[in-house]
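Descriptive structure summary
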Amino acid sequence: MLAKNFDPKSFEKDFSFAAEAAHRNEDAESFMVLLPPPNVTGSLHVGHALCYTLQDIMVRYKRLKGYNVLFQPGLDHAGIVTQLLVEKQLYEKGAKKGSLEREELLREIWRWKENSGGTILEQMKVLGISCDFSRLRFTMDDGSKKAVSRLFIRLYNDGLAYRGERMVNWDPLIQSAISDLEVVEKEVSAKSWYLKYKLENADGFISIATTRPEMLFGDVAVAVNPRDTRYIDLIGKKVLVPIINRSVPIIADDYADPEKGTGAVKITPAHDFNDFEVGKRHGLSLVNIMNERGELEGEEIPEQFRNMDRFKAREAVVALLESEDLLEKVEAIKHKVPFGDRSGVMLEPRITRQWFIDAAKLSIPAVKAVKEGKIAFIPKHWENLFFEWMKNIEPWCISRQIWWGHRIPAWYGPDGQIFVAETAEEALQKAIVFYGKKDDVELVQDNDVLDTWYSSGMWPFIVLGWPDELDLNFYSKMIIVTGFDIIFFWIARMIMFGIYAVGDVPFGNVYIHGLVRDEKGQKMSKSKGNVIDPLQLCDIYGADAVRYTLASAASPGRDIKMSAQMVEIGRNFLTKLWNVVRFAQMNDCAYCTKDFNANTVKHPLAQWIVHKIKNMVQDVENSLENYRFDEATRSIYQCVWNSFCDWYMEFLKPILQSESGIDASNDVTASMKKEIRDVTGWAILQFVQVLYPIAPFMAKKLSGELGVADISWPDVSAITLDCGDSVEKIDRIQSVISAVRSTRKFLGIAPSEKLEAKIETTDDAFRQLCDEYREILLRMAGIFAVQKLDSQSIPVVIADAVVHIGFEGKIDAQAEKKRLHDEMKKLEKNRADTINRLNNEDFLRKASVDIVQEHKDRLDSFNDRINKINYITQNLM
């Protein structure tokens, strides 16, 4: 017997899903979910919880359907993040910055990884994520290293990986290039200094606004718009850069915007992406004035500013400009500045020699695969973002100036010749052949490592055995579930690498879920104090309640507004099902696998619930096949809470608890009771089975209580019973009860008040049905039928019948009309306000899709209530 109170803590810890996760049904159709490998430094946040829960639901559903399922887990080495973390710990223990040797630091990071890395894996188990952890892979394990080197060599030999100089986003804290996609634009308060660039050999100056006065030492030109009449006569002349008096030309270029600042801009090609392009168009020189630490450095820098930090240099430069009367004015502004998403420091555009991949060439077959439908994005509109990114794709900078990661398998000869190979020995053999001598060939391996996303992009085929023996049972048969923010970071690169390395797409479907926000729709952040901890929710409400809540809110294309109250609602639903099973146990409603056959039930109530269950199972199947997790949970909820608990169990109780049943003209027979008990136990088991992918801990617990060891997916295809007549009967009685209850509630008549009712209909079968179920109508609707009704009444229309509900003596009709009149006035005002807002173009332009939909739903609610009031007041005498 189940405990009286639902307490997830009492049983969740008892269940492990390792055995089923590792089981393979080799003869069946294959299905795979590739877990986006979390950072080895990571802890489970609510975004993870959503992504992993949706993946796990699909995996468990497919297992129950008999597929050969693989849920592949992994951990990402997270190069920059992990190195920064371990370095910080070492510095806190007394190590001096810059004192660590490469091998020493790597040993420390590997030690940290073995002792502290992968915490998130244990946290995933708390949430019930059923990966096959026996197959756990790490992006820097031996297999990954071999695959990464092998692909790099192939890309290099095909001319798709190359070394060159380009402007990159440089992180002065990490002292490494970072990907354009790892740049976070933040709006900051700043100042705009208007500097005086004096005309050479003439009186006067051009005023130029800049937020980076310290960068003027790299200026090589001043640009004005060729159509800006203020400067047309100055084009081709020269000005002097403040402080250093370098003579630079005034050039005409459309980049200069007459509407911004003074219309003239200083051009620093070595330290600005836009200026770099201007410089290429005009053949301008590159003057590099900043080192890798973000300090001013170089022969062009006056002595007093050399090796000065960029921000201190700014203060010093401004002070000197003021003292020399070269500063016209200063304005306070707000503008966006690029920051590194890992380090949190302001980035610097910097020209460096890096390794790149020709992503444009790799993107061509990837785009073709999506356009031809070999890969489907769900929802489909995310394809547009994919295409947009791929259309504007730039060379991918894959080298990072850190030590933790896959070291680039390239060695350099004395003259800079590059030798790419898997090992130093292979590189040396290539060098010997190239130089034609065996002695005195010294090679130095590239110090840089590959971008973390490089190995992540190879993940679908790395985990399946490439380059040795690729498991084709699962390649191309996997799905990806992830957020939109890594469509380019991860999804696009997996497609590009998969087609290039294997010759086929790695997966067929990509389901993109929304972001999890707080209950007000704001993005969660520690600074706002609105971060929701999924593990804390698991501790309070149970893991199944968290999973159920996330699934129920996962509507395609929409973000989730998450709150503890939502999880409490989920917990309440699971409590309801817990109590249903307990009720079944107390009333001997056990499912007998040998004797029960849904096709043989005869009682109308039994046939009705069989019909509801069959429809529910089919709806859930259809929803999960189409990644409609929200609809799947809604179908289960409505069937359990509404059809079964609110209706079936109320109809059922007289049969189980008394000698007079639903059919008042007949006594309850022993066979009737047995059938009702059997169908009740069967129905509850179907609920437990369909709930298993969503709430596995509870489903395991309840199935055991019902005497079923192995959970399987309900096979309702074999149910061919014609339930039409029974369904119609129960549905009609249900409609009478619902209509009466609604009217009672509207008028404020207590449920305990018994009301007279007269049924007016030409349908004799309906009249007979109401007579048959009179005890149910009395108990559930509080009405009893009379032949003649002399008192005041409200007519309730139900299909082709009218039920007149007597209310005389139960309410004050005049007072009720006044109350309804006052409510109507408020409703009409609220409706008018809502209509005005929905007709306001400014509101529609600024409001989110969710907010607009909320207003539309509110308008529907107002209209329904107003129509109901009008109907009631017309019939109150």
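For clarity, every value in this text was computed on a predicted model and none was experimentally measured.

1. Some thoughts on helix H6 (residues 142-157)
Here H6 spans 23 Å end to end across 16 residues, near enough to the 22 Å set by a 1.5 Å rise per residue. Where H6 ends, the next residue or the one after it, Gly159, has phi of about 75°, a positive value.

2. Brief notes about helix H22 (residues 724-747)
For H22, built from 24 residues, the straight-helix expectation of 34 Å at 1.5 Å per residue is met to within 8% by its first-to-last C-alpha distance of 35 Å. Residue Gly748 follows H22 closely and has a positive phi angle near 75°.

3. Describing the sheet that holds strand E27 (residues 783-785)
Spatial ordering of the open sheet is given by E27-E26-E29-E28, a layout of four strands whose pairing is mixed. Where the open sheet ends on each side, the last strands, each with one partner, are E27 and strand E28 (793-798). Strand-to-strand twist across the sheet, computed as the mean angle between neighbouring axes with direction ignored, equals 30°. Of the pairings in the sheet, the one linking strand E26 (residues 755-761) to strand E29 (residues 801-806) comprises five bridges and is antiparallel in character. From the neighbouring strand, Ile759 faces E29, where its bridge partner is Val803. Here helix H23 (residues 764-772) sits on the sheet in contact with E26 and E29, set at roughly 155° to E26.

4. Some remarks on unusual backbone geometry
Omega for the peptide link from Ile378 to Pro379 comes to -5°, which places this bond in the cis form. With respect to the helices and strands, the residue Pro379 is situated in the loop between strand E15 (376-378) and helix H10 (382-391). In this structure, the amide linkage connecting Trp466 to the following residue, Pro467, adopts the cis form with an omega of 10°. Backbone geometry places Asp588, a non-glycine residue, at a positive phi of 55°. Asp588 sits in the exposed class, given a relative accessible area of 58%.

5. With respect to the side chain of Arg24
Tracing the backbone shows Arg24 in the loop between helix H1 (18-22) and strand E1 (30-34). Residue Arg24 is classed as buried on the basis of its relative accessible area, which comes to 17%. There is a polar contact of 3.1 Å between the side chain of Arg24 and the backbone oxygen of Val69. Sequence-distant contacts of Arg24, that is, excluding residues within four places in its chain, are made with Asn68, Val69, Leu70, Asp132, Arg135 and Phe474.

6. What to know about the sheet that holds strand E5 (residues 161-171)
If you trace the four strands from one edge of the open sheet to the other, you get E6-E5-E14-E16, paired in antiparallel fashion. Two strands bound the open sheet, and with one partner strand each, they are strand E6 (176-178) and strand E16 (396-397). Looking at chain direction, E5 and E6 are connected through three bridges and run antiparallel. Across the sheet, Trp170 pairs through a bridge with Ala177, a residue of E6. Strands E5 and strand E14 (348-357) of the sheet are contacted by helix H7 (residues 273-282), whose axis makes an angle of about 135° with E5.

Conventions adopted
The numbering scheme is per chain: residues are counted from 1 as the chain's sequence reads. It should be noted that, the model being predicted, local features are given only for residues of pLDDT at least 70 and side-chain atom pairs only at 80 or more, the latter also being counted only at that level, while totals for whole chains, interfaces and linings use all residues. By convention in this description, side-chain values take in all heavy atoms of the structure and omit both hydrogens and water. Counting from the N terminus, the helices are the DSSP runs of H or I reaching at least four residues and the strands are the DSSP runs of E reaching at least two. Helix span, expected: 1.5 Å multiplied by one less than the number of residues in the helix. By definition, two strands form a pair when at least two bridges between them are found by DSSP. Angular values range over 0 to 180 degrees, each being the angle between N-to-C directions of two axes fitted as lines to C-alpha atoms, with helices fitted over their stretch in contact. Here, residues are in contact when the closest pair of their heavy atoms is within 4.5 Å. Each residue is assigned to one of three classes by its accessible area relative to the maximum for its type, calculated with a 1.4 Å probe on protein chains only: buried under 20%, partly exposed between the two thresholds, exposed over 50%. Under the rule applied, a polar contact is a pair of N or O atoms within 3.5 Å (in protein, one hydrogen donor and one hydrogen acceptor; residues adjacent in sequence only if both atoms are side-chain atoms).

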